[in-house]
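Chain and residue survey
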Amino acid sequence: MSRTVRVLVVDDLVSFQRAAGAVVAVADGFALEGTAGSGEEALEFLDRTAVDLVLMDVSMPGMGGVEASLRIRDRHPQVVVLLLSVNRADELPGRLRERGIAFCAKEAFGPEPLEAQWRAATTGDP
Amino acid sequence: MARRHHRRPMTAPARPATPPEQVDFLGLRAYLRMNLVAAMVAVAVLVAIRVFMVASDLLVVVCLLVVALCYALWRLDRRLSDRRVIHTIALLAALNWSAALAAVFIVPFALIIVGLVVLTPAMLALPHLDRARLEPLFGATLVTAAVVAAAARLQPGSGLEQLVPAWLVTGLVVLFVTLISGLIMFAAWRSHAGISARASAIRESRERLVAAGERERREIERELRDGAERRLGSAVAWIERTRRLVTDAPGEATGSIDDLIEELAQVGAELRTLAHGIYPAILADRGLDAAVRHAARGAGMPVAVQAHDLGRYPPEVELAVYRCCVDAIREPPDPTGDGLTVRLRGRPDGGLVFEIAGGGPSAPAGAARPITPADRIGPVGGHVLVRHGPGPRVHGEIDPITPTRPGTRGPASRAAAAIWRTVAGAWSGLASEAPAEVSLSGLLVLRGFVTVAGAFVVTTCLVVRNPWLGLVLAVSAATVLALTWSIRLARRRRLLPGVLVADAMCSVSVVLATALVPVTLYYHPILSVIPSLLAIPLLSRPQFLGVVVANLVVTVVLTLVGRLSPGVGIQQRFPAPLLDLDIVLSVPICTALVLSLAWRAHVSLSERATALQWSRERLIAAGDRERRRIERDLHDGAQQSLAACAVRLRVVQRLLPVRPGQAAAMLGELADELRQAVRELGELAHGLYPAALIEHGLEEALRRVARRSPLATSVAVHNVPRPRPEVALGVYFCCLEGLQNAVKHAGENATVSMRLVGGPDGELTFDVSDTGVGCDPALLGRGHGLSNIEDRVGALGGSFTVHAEPGAGVRIRGRIGP
């Protein structure tokens, strides 16, 4: 864990972009690489910029977070995606976990959950 | 012919309620069976005549034809189902009319009976067919009446009736004329009763939906205010306290933040449950199956959900079915039952079937007028069968929305429809004075008809120098006078006495006229049905039975008089071709009168039912839209702010030991953000149900609205004690809507005045007028706001008008009964 984890925050609400940005700023070994307001913007951003972790809101205008996450996993399998939502996990389709997309309730998110989810994702991957 | 080529798909469920052979289809089946009995009686009579009186081979042929008719009727009865109603009516008309034509060719005097027979399919079809299908049927009925009358008069027939004893002919005529007159009256009654029952069912369902919608708004408002809004308000104070702790007692601050995060998580969960109850986002995202399973997990009893071949359906359909299921899931569980089973199944044709079985006692009685499954499913074009009692079961089906077939009607059908439209247009022209009141317009047309017919007979008497001129003149004049009197009564809103006066006088004069000129028996039986048709919309069932019995007695007397009276020599002096012409014209004219009356009654009633249905659909759609909006507002607003706050509190926790200054600053920002969230929640709750209305009453709530209005707005209230809550809310929203309308369209310098006036018996009138630029009344249309007012006022059983003139402002007035 020598390298800094580069993070992209995707959310259509600026208030949450700021909150997530603050979390990334205080967490150990993470740096905010950029923010995006929609799934489409996020995909464009990833084509241009290398990122290690994407924090993705579920409900956004356009293609939405679920679809965007699946596409990111298709195009950039090395990128870890963490879905965030104010809805409950059981309201999301079950196939996300199989595709290696983790979920965290928005109100439970913070520096510790971020670090823990990253650890789980990176130690789970060979 | 393949015996079962019209079988329903195997997957379609058997109807759980009445077996199909017992469904009456608004009298259609009863009519088919009576028709069959009548045909069988005819066979028996024909056989008896053949055996005992007349040894004619023609009788054998006729008998075989009637047997074939019997078989066809039996087949129609056996195969009648809701998908074959239109088909059955068309076949019935074809059978009836060909039998009628055959009858007058063989025995022309049968025109007395046949004139009525020709009418029956059209009368039976009224509640079953839409306007586009009724028009050609009515036109064809008229043409058939004319053809049958011409066939009866312009050819000699077989001479069979001369061979049969006169007493038997008279007996048969009396029997069949009475029977068929009765059938026509009952068909008209069933049609009226069927459509008005539909209208009142829709009206009641609309009232239940509005009441339930308002109850829900109030509950959501209360939950928002007493729950989330208050708790968030105290969370703001809590953050401020914590911020002071950061500098004064940093050790305690960490614990305080932990508690705050916990509190925000609870409020968030509360809001999430509330938002989900308002509109389940999962339904839109993942469909009916996932949403119902999700709801089932939170139920107080075991709920089994089975879904087969389920696809995605229009949002309103999914929402309606989902709500039906949730209503059942929320019922108190049945202490003895094994829980609830919800079955959802997609039909191969794109329709949707659902069944909810078991569970709690879905008793029809309830204090707060519960919403029924039919209330939910009806507006999206489905139907529901509910079985109450032990093991209640709801079975619903929603057909796929298929584009209505474009008019692929043939030229004959188009021509028939055009004939009918001409006749209906002529009626409207004659009775344009009172288009709304069917009975009154019927009286007006009837008077016109009697005047013309009376003048014709009087002229005839003068020409042929008949000594009975005085009596004819007196009867005609008395009838016209009686009708004039009944019209006056009807105009003074005493429709029933008016119609009964007309009924009595017309009966007397029709019998007298038949006695004087017996040949009019060919069309007078048709005429004598009219008064009872006029009375139908005004009568209760027992009253209607009384009128029918009286009219049938008149029919018997009329037929006997027509058969037995020698007349007074008017028809004998009349040239035969003119007499034929009179009958050939009068039969279709009388038929047109009866049909027009039935048409007007049907059109006005079914238009009312359709308007109610649209209004209910608009209310449902508006309710759904609003719930979706609230859910979105909560989801994107308060829930997100809350989540962001919780996240940043964890950041504060991390910063606290290393950079306390930055942590304190962030806490300050957080307090501001939460304050904003509290304000937004308050506005949302206010939009749902204005708290001022409950706390301070309608007048004060409107004054507050007026104070916030960008236009100068005055409020005047006279004699309005506390109205019922739903009336207060309805009037509040109507006034608000009217004010918003003025703000949008009246111009900057306009002033608005809102007036509420209470009547002596508890009625309430509201009036919103502005001094703005106004508009052309023709352009007014029914915009969104105005139809909102109309629906709301309608749901409270009131009425509403809009007056607009260019340069003179717009005035909206509504009246809500006690």
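About the thresholds
- Residues numbered from 1 in each chain as written.
- Chains lettered and ligands numbered in written order.
- Predicted model: local features only at pLDDT ≥ 70, side-chain atom pairs only at ≥ 80, totals over all residues.
- Heavy atoms only, no water.
- Helix = DSSP H or I, 4+ residues; strand = E, 2+ residues; numbered from the N terminus.
- Buried < 20%, exposed > 50% of the residue type's maximum accessible area, 1.4 Å probe, protein only.
- Contact = heavy atoms within 4.5 Å.
- Areas by Shrake-Rupley, 256 points an atom, 1.4 Å probe, with all protein chains shown as cover.
- Lys, Arg positive; Asp, Glu negative; His and termini not counted.
- Charge placed at Lys NZ, Arg CZ, Asp CG, Glu CD.
- Axes fitted to C-alpha atoms, helices over the stretch in contact; angles between N-to-C directions.
- Parallel < 35°, antiparallel > 145°, perpendicular 65-115°, else oblique.
- Left-handed = near helix turned anticlockwise from the far one by under 90°.
- Nonpolar A, V, L, I, M, F, W, Y, C, P; charged D, E, K, R; others polar.
- Buried area = accessible area lost by both parts, 1.4 Å probe.
- Salt bridge = Lys/Arg side-chain N within 4 Å of Asp/Glu carboxyl O.
- Polar contact = N/O pair within 3.5 Å; in protein donor to acceptor, adjacent residues only side chain to side chain.
- Pairing = 2+ DSSP bridges.
- Phe/Tyr/Trp six-rings, centres within 6.5 Å; stacked < 30°, edge-to-face > 60°.
- Lys NZ or Arg CZ within 6 Å of the ring centre and 35° of its normal.
- pLDDT = per-residue confidence, 0-100.
- Core = buried A, V, L, I, M, F, W, Y, C linked by side-chain atoms within 4.5 Å.
- Patch = residues over 30% accessible without salt bridge, like charges linked within 9 Å, V, L, I, M, F, W, Y side chains within 5 Å.
- Disulfide = S-S within 2.5 Å.

The helix and strand tally for chain B stands at 25 helices and ten strands. Along the first, second and third principal axes, the C-alpha set of chain B runs to 125 × 65 × 45 Å. Taking all 818 residues of chain B together, 51% fall into the buried category. Look at the contacts in chain B between residues 6 or more apart in sequence, and 77% of them connect residues 24 or more apart. As displayed, chain B has an accessible area near 37,500 Å², and 61% of this comes from carbon and sulfur atoms. Here chain B contributes 87 positively and 70 negatively charged side chains, and the mean placements of these two sets differ by 8 Å.

With that settled, consider the packing of helix H15 (residues 495-516) of chain B against helix H18 (residues 541-564) of chain B. For any two helices packed against each other, the geometry is given by the interaxial angle and the distance between the axes. All names here are of chain B. The N-to-C vectors of H15 and H18 enclose an angle of 15°; their axes lie 8 Å apart at closest approach. With respect to H18, the element H15 is oriented roughly parallel. Read as a crossing pair, H15 and H18 show a hand that is left-handed. For the pair H15 and H18, the contacting residues are Leu496, Leu500, Asp503, Ser507, Val510, Val511, Thr514 and Ala515 in the first and Gln543, Val547, Asn551, Val554, Val557, Leu558, Val561 and Gly562 in the second. In terms of residue class, the contact of H15 with H18 is built from ten nonpolar, five polar and one charged.

So, about the interface of chain B and chain A. Opposite the 22 residues of chain B that make contact, chain A presents 26 residues. Here chain B meets chain A over a buried area of about 2,300 Å², counting both sides, of which 54% is carbon and sulfur. Taken together, the connections running from chain B to chain A amount to four salt bridges. A salt bridge links Arg654 of chain B to Glu112 of chain A, with the shortest nitrogen-to-oxygen separation between them at 3.3 Å. Counting across the chain B and chain A interface gives nine residue pairs in polar contact (both at pLDDT 80 or more).

Quick look at the sheet that holds strand E5 (residues 393-398) of chain B now. Across a sheet, strands are paired by hydrogen bonds formed along the backbone, either parallel or antiparallel in direction. Residue and element names in this part refer to chain B. What the five strands build is an open sheet, ordered E1-E2-E3-E5-E4; its pairing is mixed. The open sheet is flanked by strand E1 (303-308) and strand E4 (382-387), the only strands paired with a single partner. Averaged over all adjacent pairs, the angle separating strand axes in this sheet is 10°, with direction ignored. In terms of strand pairing, strand E2 (residues 340-346) meets strand E3 (residues 352-358) through seven bridges, oriented antiparallel.

All names here are of chain A. Spatial strand order, E2-E1-E3-E4-E5: five strands in an open sheet with parallel pairing. Of all the strands in the sheet, the pair left with one neighbour each is strand E2 (30-36) and strand E5 (101-105). Averaged over all adjacent pairs, the angle separating strand axes in this sheet is 25°, with direction ignored. Both strand E3 (residues 53-57) and strand E4 (residues 80-85) contribute to a ladder of five bridges, which runs parallel.

What follows covers the packing of aromatic side chains. Overall, the coordinates contain eight aromatic pairs over all chains when judged by the stated rule. On the basis of an interplanar angle of 10° and a centroid distance of 4.3 Å, the ring pair of Trp189 of chain B and Phe544 of chain B is categorised as stacked. One end of the pair, Trp189 of chain B, is in helix H7 (residues 166-248); the other, Phe544 of chain B, is in helix H18, with 355 residues separating them in the sequence. The same class applies to Trp189 of chain B as to Phe544 of chain B, namely buried. Among the aromatic residues, those joined into a ring-pair cluster are Phe138, Trp420 and Trp599 of chain B. Above the plane of the ring of Phe16 of chain A lies Lys106 of chain A, whose end atom (NZ or CZ) is 4.2 Å from the centre.

Per-residue confidence for chain A gives a mean pLDDT of 87, with 94% of residues at or over 70. No element of chain A has a lower mean pLDDT than helix H4 (residues 95-98) of chain A, which averages 79, and none a higher one than strand E1 (residues 5-10) of chain A, which averages 94.

Our next topic: the nonpolar core. Counting residues in each nonpolar core, the largest one holds 127 residues, and the members touching the most others are Leu111 and Met123 of chain B. Apart from the residues within four sequence positions on either side, Leu111 of chain B is in contact with Val104, Val148, Ala149, Ala152, Tyr522, Ile583 and Val587 of chain B.

Next up on the list: the pairing of strand E8 (residues 764-770) of chain B. Within a regular strand, the side chains alternate between the two sheet faces. All names here are of chain B. In terms of residue burial, E8 counts as a mostly covered element, since six of its seven residues are buried. In the sheet, strand E7 (residues 751-758) pairs with E8 via seven bridges, with the strands oriented antiparallel. Bridge assignment links Met754 to a residue of E8, and that residue is Val768. Counting the residues between successive antiparallel strands, the hairpin from E7 to E8 contains five residues, one of them, Gly762, with a positive phi of roughly 95°. Bridge analysis of E8 against strand E10 (residues 810-816) gives six bridges, and the strand direction is antiparallel. Bridge pairing in E10 places Val768 opposite Ile812.

The next point concerns a nonpolar patch on the surface. Residues and elements named next belong to chain B. A cluster of nonpolar side chains, namely Val47, Val51, Phe52, Met53 and Trp167, defines an oily patch on the protein surface of about 590 Å² accessible area. The dominant element in the nonpolar patch, judged by the number of residues it contributes, is helix H1 (residues 28-52), at three residues. Assignment of secondary structure puts Val51 in helix H1. For Val51, a relative accessible area of 56% puts it in the exposed group.

Before going further, it helps to examine the pairing of E2 of chain B. Residues and elements named next belong to chain B. By the criterion of burial, E2 is predominantly enclosed, with five of the seven residues buried. In the sheet, E1 pairs with E2 via six bridges, with the strands oriented parallel. Counted as the bridge partner of Val303 is Leu340 from E2. As consecutive antiparallel partners, E2 and E3 are separated by five residues, and within that stretch Gly350 has a phi angle of approximately 95°, a positive value.

What follows deals with the state of the cysteines. All names here are of chain B. Taken as a whole, this structure holds zero disulfides over all chains when the rule is applied. No disulfide involves Cys461; its sulfur sits 18 Å from that of Cys590, the nearest cysteine. Judged by its relative accessible area of 1%, Cys461 falls in the buried class. Here Cys734 is not cross-linked by a disulfide; its sulfur's nearest cysteine counterpart is in Cys735, at 6.9 Å.

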